[in-house]
Amino acid sequence: MSENNISIDFEEYDLDNGLHVILHRDDTSPLVAVSVMYHVGSKNERPDRTGFAHFFEHLLFEGSKNIPRGQFFNIVQNAGGTLNANTSHDRTFYFELFPSNHLETGLWLESERMLHARVDTTGIETQRSVVKEERRQRYDNRPYGTLVEEGMKRAFSEHPYRWSVIGSMAHIDAAEESDYKDFYAEFYVPDNAVLCLAGDFELKRAKLLINKYFATIPRSKKEIYRPAAAEAQLSREIRDTVYDNIQLPAVVHIYRIPAFARDDYFAVKLLSDILSTGASSRLYRALVDEQQKAVQVGSFPFDLEHPGVILQFAIGNAGIGPEEIESAMDAEVAKIMSEGLSQEEFEKLMNQTETQLINEKSSLLTIAEGLSTYYTYFRDTSMYNRQFGQYAALTRDDIADAARKYLRKENRVTMYWLPKQPGAVNHE
Amino acid sequence: MIDSIKDIHAFRKDPPPAGPAPEIRFREEQRLLLENGMKVILIENHKLPRVNAQLFIDHGIALQGPKAGLNEITGQLLSCGTIMNSKSEWDRKVDYYGATVHTSSIGGYVSSLSKHFDAVFSLFAEAIMYPAFPVGEFENIRRQQLSNLAAQKDEAESILSNIVKIRVYPEGHPYHEVVTESSVSCIGLEDCRRWYDANFMPNRSYLILEGNISLEEVKTLVDGTFARWQKKDFAEPQFDRSIVREMTDISFSPKEGSVQSLIGVSFAVDYLPYNEDMIAANLMNSVLGGYFSSRLNRNLREDKGFTYGISSRLSQDEHMGSFFTSVNVRNEVTSEAIGEIIKEIRRLREEIIPADELQQVKNVVSGNFSRSVEDPRTIARFALARWKFGLPDDYFKNQLIRIHSVTAEEIRSMAKKYLLADNLHLFVVGNEAVLPQLSRFGKIYRYDYEGKPQN
């Protein structure tokens, strides 16, 4: 394992207003990534304004005091750059990738967004419609599209992870002027943000420019709302059936697990890989290849700041019932619990993990996001370079132990996702 | 006091000036021609300790008749067991190295860390050269395909793709063929073997490697694998590329419970790869639907809020080119959205594009180009195109200059040449309730989800 130490060099510091800055230089290409991660996501929303963090992300492309509506995109595009943003349960991430001579353009734009974003009524009404179409396209009108939303609703009853990032159309419709003002004032402040530059730039000049554009942005004036992390464990298995416009039934298991990069998270991640990464993985080989019960299987731990979930699913072959699929899934999990894994499988996991971590390093934006995430959740950017070590320190027993600890029936939600039948009604 | 606060932000008023544009560096490729006719391209890139390789078998296209889907199943079957390894053995080895390998009807892809690449590349070559065609794996793939085809009834994108094939391309052309449950049921294992024998061969293959590997190492790898592959005779089938234009029509396919309509607009065009129009035609399509602030996206998303987003593409193709755009909109605005798309197409054909918009599109397209050449995979794609189509060495290097020389008048003439004002094929996949909105566009044809006519 000689190649596992691809370390990302970076420098970091705080401005007086609390903005955290991370600088990673790489001059292999004349490009620079400019990104800002705000520590706000759907979990910071009010229960009657779900979807607001993501909706707000759309609004923050509308313009600022110095950038007229629609010009944000034009400025980046005219500079030959590209831009986007995404919102999760825990954070909102804005980014641009520019030719390196446009570093200052990027800093200007992001500082405008942080200092005095401006949205007019036309912009609000348009983005309201756009976000509702996004919801229809990606969730409501897509087979299995609401699977995660329905799952989280059942896996949590108190924590704000119980609602989806896209949120409710009614809540988006209900949003008012004061909601925007308050949200912006509370969360879009320098002491709640990480600015990261990755790519081809001169350190000294970059620091001067960062100071020029960001140092005068005032820090927050009120306390930032952070929901409590803990929700009690599930006391028993929750089972339910959801009917959708689909042809093939699916079985979904959602188990509660530790937060991203905390406690047993790394063991759970490897456990997930052994179940579903690659054609030799346990669930794939058993359900898709050997028993031919499923067309597709998957297992994904959600990388959440607070204790979260791992989602496992199998989509059945035509004519196979959900009970049959579920018992095959359970049998594979039980096998890991009782027999553990072989040395060869363990080495496979290490090779897969090493490959994945190296592949991530091919993109400036992925690196910027990784560094920013570790700082945002842990105030410890260097954890990004210690990831492989966290995995390599695990043993075969740790992975089997994680199966026994987390993949218990009492710790899960089970959903049968079935084709709509005449007369069938979904529970609310 | 207030004035001084204003002052500290006064410098922000205008976008800052940019320094001189960085020079674009093109990586160089190396080429090898094997005795059996296989063409090998290498792009060295030692930044990360990994290598990837793509195999492209240029066997063209062919009619599959009642067995549509034969090529896809065969491509998948290659990595389901070889003469040396059963599927589960082969999977176990590939996964052990943390590698990605897949095979398809036109070749395959392999990627791993450098230290494992020798072993992984051999497994890949084994799948391509010595597939075993095990009957059990074949049955499993066919069964999965049938399940996936049944699932298409609820997938608007798949339905649209089927009905576009039927309406846009003429009968007798391979692009007209749709994979259906009945066509997949007709395919047998022997068909796969025969199809493989007729279409997989070194003398139509390009192997493109990129990453942390030298030409000497590539030679050694290839000597032990693909250099041993036997040449075959091959005659590429030819198809009529003539296009018949009809009056604008609209095809509808119902999808139960839809809360959005998936709209498509498409037609065939005569647009050969790397022809003399390519740069200007690409700019023209970018104006229409090739970037965030394109006319379609500005109109349908940013002005009207009809959709999450829309883009369009103008595809060059040796066998038959095409124009295609599709968009998801809420049911109520289906016909209005179609009307806006047609309006934007016509406007581009008739009006001269304003200078600032043309400049913006040039900046976008040249920006995309400059960023893309930083990715070694782009250089690999360019190298393949140059070899396959016999383009001059500096073809791609001159692209930026050519982008900036295109005039507004050329954009309009490209729109007149490659876009249609009438004779469009319109498509809607969605709720029955939207049907009454559609008759104003032309004759309505109804199809089921597989593209079979319905009445």
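Residues numbered from 1 in each chain as written. Chains lettered and ligands numbered in written order. Predicted model: local features only at pLDDT ≥ 70, side-chain atom pairs only at ≥ 80, totals over all residues.

Attention now moves to the domain arrangement of chain B. Residue and element names in this part refer to chain B. Its domain assignment divides chain B into domain 1 (30-228) and domain 2 (249-454). Each of domain 1 and domain 2 has a C-alpha centre, and the two are 29 Å apart. Counting residues at the interface gives 29 residues for domain 1 and 27 residues for domain 2. Class assignment of the residues belonging to the side of domain 1 that touches domain 2 gives a composition of 16 nonpolar, five polar and eight charged. (Domains from an automatic or database assignment. Contact = placed C-beta atoms within 7 Å. Nonpolar A, V, L, I, M, F, W, Y, C, P; charged D, E, K, R; others polar.)

With that out of the way, let us pick up the pairing of strand β6 (residues 193-199) of chain A. Residue and element names in this part refer to chain A. Of all seven residues in β6, seven are buried; the element is thus mostly enclosed. Note that strand β2 (residues 20-25) and β6 share six bridges and pair parallel. Paired with Arg 25 across the bridge in β6 is Gly 199. Inspection of the sheet shows strand β3 (residues 31-38) paired to β6 by seven bridges, in the antiparallel sense. Looking at the pairing, Ala 33 lines up with Ala 198 of β6. (Buried ≥ 20, exposed ≤ 12 C-beta atoms within 10 Å, placed from the backbone. Helix = DSSP H or I, 4+ residues; strand = E, 2+ residues; numbered from the N terminus. Pairing = 2+ DSSP bridges.)

We now examine the interface of chain A and chain B. Taken residue by residue, the interface counts 58 residues in chain A and 63 residues in chain B. Broken down by secondary-structure element, the contributors of at least two residues to the side of chain A that touches chain B are α2 (71-78), β5 (92-99), α3 (103-116), α4 (121-140), α10 (282-290) and α12 (343-360) of chain A. A class-by-class count of the residues in the side of chain A that touches chain B yields 16 nonpolar, 28 polar and 14 charged.

This part is about helix α1 (residues 52-59) of chain A. All names here are of chain A. Most of α1 sits out of view: seven of its eight residues are buried. Every buried residue of α1 is accounted for by Phe 52, Ala 53, His 54, Phe 55, Phe 56, Glu 57 and Leu 59. On its buried face, α1 sits against β4 (82-87), β5, α4, α6 (169-174) and α7 (177-187).

With that settled, consider unusual backbone geometry. At A:Arg379, a residue that is not glycine, the phi angle is positive and equals roughly 55°. Relative to the helices and strands, A:Arg379 resides in the loop between α13 (364-378) and α14 (387-392). Positive phi outside glycine occurs at B:Tyr274, with the angle close to 55°. Tracing the backbone through its elements, the reader meets B:Tyr274 in the loop between β8 (260-269) and α10 (278-289).

This brings us to helix α9 (residues 215-223) of chain B. Residue and element names in this part refer to chain B. When α9 is considered as a whole, its buried residues turn out to be Val 218, Leu 221 and Val 222. Taken around the axis of α9, the buried residues stretch over an arc of 90°, which confines them to a single face. Residues of α9 that are exposed and point more than 90 degrees away from the buried face comprise Glu 216, Thr 220 and Asp 223. Those residues of α9 that are buried are in contact with β2 (39-44), α4 (114-129) and β6 (205-211). (Arc of directions from axis to C-beta.)

The packing of two helices is summarised by the inter-axis angle and the distance between the axes. Residues and elements named next belong to chain A. Look at helix α11 (residues 322-339) against helix α15 (residues 396-406): their axes get within 8 Å of each other, and the N-to-C directions meet at 125°. Judged on the interaxial angle alone, α15 and α11 are oblique. As α11 runs across α15, the sense of the crossing is left-handed. For the pair α11 and α15, the contacting residues are Val 333, Ile 336 and Met 337 in the first and Ala 400, Ala 403 and Arg 404 in the second. Classifying every residue of the contact of α11 with α15 by side-chain character gives five nonpolar, no polar and one charged. (Axes fitted to C-alpha atoms, helices over the stretch in contact; angles between N-to-C directions. Parallel < 35°, antiparallel > 145°, perpendicular 65-115°, else oblique. Left-handed = near helix turned anticlockwise from the far one by under 90°.)

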